Each structure stands twice: as C-alpha cells, then as structure tokens.
Amino acid sequence: LERNPNVPSSRNNLAVALLRLNRMPEARAQLQQIIDLAPEYAAAYFNMAITYALEGQVAEALAWIKRGAGHCTPSICQKYLADPDFNAVRTEPEFQELVCGLYPQMTIPAAKP
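Heads up: these notes are all about the structure in this document. (Residues numbered from 1 in each chain as written. Predicted model: local features only at pLDDT ≥ 70, side-chain atom pairs only at ≥ 80, totals over all residues. Heavy atoms only, no water.)

1. Brief notes about the overall build of the chain
Looking only at helices and strands, the chain has 7 helices and 0 strands in total. Against the compact-globule benchmark of 13 Å for 113 residues, the chain has a radius of gyration of 14 Å, which places it among compact chains. Each of the three principal axes of the chain carries a C-alpha extent, and together these read 40 × 25 × 20 Å. In the chain, which comprises 113 residues, the proportion classed as buried is 42%. For the chain, contacts bridging at least 24 residues in sequence account for 54% of all contacts bridging at least 6. Surface exposure of the chain reaches about 6,100 Å², of which carbon and sulfur atoms provide 53%. Placing the 10 positive and 11 negative side-chain charges of the chain at their respective mean positions leaves the two points 6 Å apart. (Helix = DSSP H or I, 4+ residues; strand = E, 2+ residues; numbered from the N terminus. Rg over C-alpha atoms; globule rule 2.2 N^0.38 Å. Buried < 20%, exposed > 50% of the residue type's maximum accessible area, 1.4 Å probe, protein only. Contact = heavy atoms within 4.5 Å. Areas by Shrake-Rupley, 256 points an atom, 1.4 Å probe, with all protein chains shown as cover. Lys, Arg positive; Asp, Glu negative; His and termini not counted. Charge placed at Lys NZ, Arg CZ, Asp CG, Glu CD.)

Here's what the structure looks like:
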C-alpha cells in the first residue's frame, strides 16, 4: 500500500482487515479514500455497507448498498449481497424491499450460517 497507495484493491484489502478487527471508523476511512480515488470501484460501497450492517445501522447500510448498486451489474450486485456479513440486515423488510426495487428479477440471497 505504501508503494502503490492509489491501487483500490490493496486499500480495499486493508479496509476488510480493519473491518475484521472491528475497527469500523478506520475501515470506513480507507473505503472513503477508495471511493474518492475510484468512484466506480463497487466493492468499496458494499464493504462500507457491511461496516454499518455489522453495527446494526440498517439505514446506513442500505444507503451504501444503493450507491454501490449503481456501479455494477445485477449479477455482480447479487454476489456482493450474498456475503454472509449482510446476514445482520438480510431479514430486515427494508433490505428485502431495496433488493426487490433495484432488481425485481433478482433472487434475494438467503441468510447463510
């Protein structure tokens, strides 16, 4: 990351590591840098959503999912939404409404153990 600070995937890996350590503000700071640098990098939006989902902040998580959905295809979006980290919000009616509203043809990923 020090040698290539503008590589979104490297910064995303750091953000995910911080997320796993429950260091959400630091993870969000890294993800925001990616979004500022490469706004088309969809993974950053979905990982930002995960930081909020894991904290039970449904509205914030959904807002970031909406933003991320605009940067990927329905099939890629479905792969992101299948992430088990979204289990925290998957059963929320707002989550299901958002997914159905974005992609009526999309199957809502079931919660994974």
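2. A closer look at the environment of Leu62
With respect to the helices and strands, the residue Leu62 is situated in helix H4 (residues 58-69). Between the alpha carbons of Leu62 and Val99 there is a distance of 9.4 Å; along the sequence they are 37 residues apart. Ignoring sequence-local partners within four residues, the contact set of Leu62 consists of Glu94, Phe95 and Leu98.

3. Structural notes on the environment of Leu81
Along the chain, Leu81 falls in helix H5 (residues 74-81). The spatial distance from the C-alpha of Leu81 to the C-alpha of Leu37 is 23 Å, given a sequence separation of 44 residues.

4. A few points about the pattern of salt bridges
What the rule picks out here adds up to 3 salt bridges. Notably, a salt bridge pairs Asp85 with Arg20, separated by 2.7 Å at the nearest N-O pair. Of the two residues, Asp85 is situated in the loop between H5 and helix H6 (87-90) and Arg20 in helix H1 (residues 8-20); the sequence distance between them amounts to 65 residues. Here Asp85 falls in the buried class, since its relative accessible area comes to 14%. (Salt bridge = Lys/Arg side-chain N within 4 Å of Asp/Glu carboxyl O.)

5. Side note on the nonpolar core
Generally speaking, a soluble globular protein has its nonpolar side chains buried in company with each other. Residues Phe46, Trp64, Ile65, Cys77, Leu81, Phe86 and Phe95 are the most contacted members of the largest nonpolar core, which totals 32 residues. Secondary structure elements with two or more residues in this core: H1, helix H2 (24-37), helix H3 (42-54), H4, H5 and helix H7 (93-102). Of the residues forming this core, the biggest block, 9 residues, is contributed by H3. Sequence-distant contacts of Phe86, defined by excluding residues within four places in its chain, comprise Phe46, Ala49, Ile50, Ala53, Ile65, Tyr80 and Leu81. (Core = buried A, V, L, I, M, F, W, Y, C linked by side-chain atoms within 4.5 Å.)

6. Brief notes about the packing of aromatic side chains
All told, the structure shown has 3 aromatic pairs when counted by the stated rule. Taking NZ or CZ as reference, Arg28 lies 3.8 Å from the ring centre of Tyr52, over its face. (Phe/Tyr/Trp six-rings, centres within 6.5 Å; stacked < 30°, edge-to-face > 60°. Lys NZ or Arg CZ within 6 Å of the ring centre and 35° of its normal.)

7. Section: the packing of H3 against H5
Viewed as axis vectors pointing N to C, H3 and H5 meet at an angle of 35°, and their least axial separation amounts to 11 Å. By crossing handedness, the relation of H3 to H5 is classed as right-handed. The segment H3 lies against H5, with Ala42, Ala43 and Phe46 engaging Cys77, Tyr80 and Leu81. Classifying every residue of the contact of H3 with H5 gives 6 nonpolar, no polar and no charged. (Axes fitted to C-alpha atoms, helices over the stretch in contact; angles between N-to-C directions. Left-handed = near helix turned anticlockwise from the far one by under 90°. Nonpolar A, V, L, I, M, F, W, Y, C, P; charged D, E, K, R; others polar.)

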